[in-house]
Amino acid sequence: MKELSLNILDIAQNSVKAGATLVEIQLTETAETLTIRIVDNGCGMTAAQVESVMDPFFTTRTTRSVGLGVPLLKLAAEQTGGSVEIASSAEAADHGTAVTALFYKNHIDFTPLGDIISTVTALIQGAPGIDWRFVHSRGGDAVTLDTRELRAVLGDVPLDQYDVMQWIGDYLREGYEALPACE
Amino acid sequence: MKSLAELAAIREKMKDKVILREGSGEIRVVVGMATCGIAAGARPVLNAFVEGVNKEGLADKVTVSQTGCIGVCQFEPVVEVFEADKEKVTYIKMTPEKAAEVIEKHLKGGQVIADYTITKALA
């Protein structure tokens, strides 16, 4: 993947497929690191399934339900000296999955984040019926979007209505203009 | 600054309109957005269709949606166009520029761009 935002788009699609009703994408930056967390309340995975999405070539899977998405994210993180962790529960009481990827931004093999706004709008366009929470924090400030707040104002108007999609894009662009740069 | 008040205005504006829901269009444009598609550049292609269809005023007859892996990863980004009573058209190796052409010639003009289809590639 040329941009980490493409990995995020890819991984968050798994949350949609897992039947999540809320997906949170959290980006947290320090001077040296970028942490990407994708947390959902979808159906979750068993420990064996978590193992298999991490390393699909070592499984005995017979279906094509597991792909290269997580390994590509893992590769992108590990080539900067970082790592990927997956915590998941398939228990009825607290089902869901949290994927956490740590990147060292100053490493020569760090992939730039790229067009994260397009990733957020593509995700909402693809699954307008569920809720999305996006938070990008950096230097004590943050860009935040929570579709639950939008829905409270929009009522019956769906999130993928074009005017709404444009508002979301513009809102995020304004948020990024106000976000302090990180060295 | 963008405010929630603008969303309230959108809601107000939409109140008297029939809100378009997925599947209401006569033409369905489906963009493959699995790992293979995304890696090959499907995101800007999706954006080009979403924006182009709305800017060209086609939103009442064309819906744009996303799907997983279509199974021809070597031809990604892949876009399928479904239209009632017509054969499915599969466009391959799409770009935002090709998307603009498909909107103009195919979605607006009803003319399939044969050069961009999988049929052509396999011929």
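Just above sits the structure.
Here the structure is a predicted model, which is why all the values come from computation and not from measurement.

*Asks:* Would you take a moment to explain the interface of chain B and chain A for this structure?
*Replies:* When the parts come together, some accessible area is lost, and that loss is often what is quoted as the size of the interface. With 29 residues of chain B in contact, the opposing surface of chain A contributes 34 residues. Carbon and sulfur atoms make up 62% of the surface buried where chain B meets chain A, a total of about 2800 Å² over both sides. For the chain B face of the interface with chain A, the top three residues by lost area are Lys2, Leu7 and Arg43 of chain B, together amounting to 27%. Where chain B packs against chain A, one counts 3 salt bridges.

*Asks:* In this structure, what is going on with the sheet that holds strand β1 (residues 22-29) of chain A? I would like to understand it.
*Replies:* Working definition: the strands of a sheet are paired by backbone hydrogen bonds and lie parallel or antiparallel to each other. Residues and elements named next belong to chain A. The strand order across the open sheet built from 6 strands is β3-β4-β2-β1-β5-β6, with neighbouring strands paired in mixed fashion. Of all strands in the sheet, those bounded by a partner on one side alone are β3 (83-89) and β6 (141-146). Adjacent strand axes in the sheet meet at a mean angle of 10° when their direction is disregarded. Alignment of strand β5 (residues 131-138) against β6, held across 6 bridges, turns out to be antiparallel. Note that in β6 the partner of His136 across the bridge is Val143. Across the face of the sheet, helix α1 (residues 4-17) comes into contact with β1, β2 (33-40), β4 (96-104) and β5 while running at roughly 20° to β2.

*Asks:* Would you mind showing me how to read the pairing of β5 of chain A here?
*Replies:* Within a regular beta strand, the side chains point alternately toward one face of the sheet and then the other, so they alternate between its two faces. All names here are of chain A. Summarising burial for β5: 6 of the 8 residues are buried, a large majority. When β1 meets β5, the two strands line up parallel, connected through 8 bridges. When the sheet's bridge partners are listed, Leu27 is paired in β5 with His136. Taking the residues between adjacent antiparallel strands as the criterion, β5 and β6 are bridged by 2 residues, where Gly139 takes a positive phi near 55°.

*Asks:* How should unusual backbone geometry be read in this particular structure?
*Replies:* As a rule of thumb, non-glycine residues mostly have phi less than zero, and peptide bonds are mostly trans rather than cis. Residues and elements named next belong to chain B. That bond from Glu76 to Pro77 is cis: its omega, -10°, falls within 30 degrees of zero. Secondary-structure assignment places Pro77 in the loop between β2 (62-67) and β3 (79-83). In this structure, Asp85 is a non-glycine residue whose phi angle is positive, near 65°. Along the chain, the position of Asp85 falls in the loop between β3 and β4 (89-91). In this structure Asp85 comes out as exposed when scored by relative accessible area, which is 84%. Positive phi values are uncommon outside glycine, yet Lys93 reaches one of about 45°. Within the secondary structure layout, Lys93 lies in the loop between β4 and α4 (96-108). Residue class for Lys93 comes out partly exposed when judged on its relative accessible area of 46%.

*Asks:* Would you explain the packing of helix α4 (residues 116-126) of chain A against helix α3 (residues 42-55) of chain B in this entry?
*Replies:* Between two packed helices, the angle of one axis relative to the other and the distance separating the axes together describe the packing. Running from N to C, α4 of chain A and α3 of chain B cross one another at 65°; their axes reach a closest spacing of 10 Å. Seen along the crossing, α4 of chain A lies across α3 of chain B with a hand that is left-handed. Between α4 of chain A and α3 of chain B, the residues in contact are Ser118, Thr119, Thr121, Ala122 and Gln125 of chain A and Arg43, Leu46, Asn47 and Val50 of chain B, respectively. Looking at the contact of α4 of chain A with α3 of chain B residue by residue, the class counts come to 3 nonpolar, 5 polar and 1 charged.

*Asks:* It is not clear to me how the pattern of salt bridges should be interpreted in this structure. Could you clarify?
*Replies:* Opposite charge on two side chains makes pairing possible when the charged atoms of those side chains draw close. Residues and elements named next belong to chain A. Considering all chains together, one arrives at 19 salt bridges over all chains under this definition. Notably, a salt bridge pairs Arg151 with Asp131, separated by 3.0 Å at the nearest N-O pair. With Arg151 in helix α5 (residues 147-154) and Asp131 in strand β5, this pair connects stretches of sequence that are 20 residues apart. On the basis of relative accessible area, Arg151 is assigned to the partly exposed category, the value being 24%. Classification of Asp131 as buried rests on a relative accessible area of 15%. Here Asp146 and Arg133 are joined by a salt bridge, their closest N and O atoms 3.8 Å apart. Here Arg133 lies in strand β5 and Asp146 lies in strand β6, a separation of 13 residues in the sequence. Judged by relative accessible area, which is 8%, Asp146 ranks as buried. One continuous salt-bridge network, built from bridges that share partners, spans Glu24, Arg133, Asp146 and Arg148.

*Asks:* Is there a simple way to think about α4 of chain B in this case?
*Replies:* Owing to its 3.6 residues per turn, the α-helix aligns residues three or four sequence positions apart on the same side. Residues and elements named next belong to chain B. Along α4, the sharpest change in direction is near 35° and occurs at Val102. Residues of α4 that are buried: Lys98, Ala99, Val102, Ile103, His106 and Leu107. Gly110 lies just past α4 and shows a positive phi near 75°.

*Asks:* Help me out: how do you make sense of the pairing of β2 of chain A in this one?
*Replies:* All names here are of chain A. Among the 8 residues in β2, 6 count as buried, and that is most of the element. Hairpin connection, β1 to β2: the antiparallel pair is bridged by 3 residues. Two elements, β2 and β4, share 8 bridges in a ladder whose sense is antiparallel. What sits directly across from Arg37, in β4, is Thr100.

Rules and cut-offs
Residues numbered from 1 in each chain as written. Chains lettered and ligands numbered in written order. Predicted model: local features only at pLDDT ≥ 70, side-chain atom pairs only at ≥ 80, totals over all residues. Heavy atoms only, no water. Contact = heavy atoms within 4.5 Å. Buried area = accessible area lost by both parts, 1.4 Å probe. Salt bridge = Lys/Arg side-chain N within 4 Å of Asp/Glu carboxyl O. Pairing = 2+ DSSP bridges. Helix = DSSP H or I, 4+ residues; strand = E, 2+ residues; numbered from the N terminus. Axes fitted to C-alpha atoms, helices over the stretch in contact; angles between N-to-C directions. Buried < 20%, exposed > 50% of the residue type's maximum accessible area, 1.4 Å probe, protein only. Left-handed = near helix turned anticlockwise from the far one by under 90°. Nonpolar A, V, L, I, M, F, W, Y, C, P; charged D, E, K, R; others polar. Bend = angle between axes of the 7 residues up to and from the residue.

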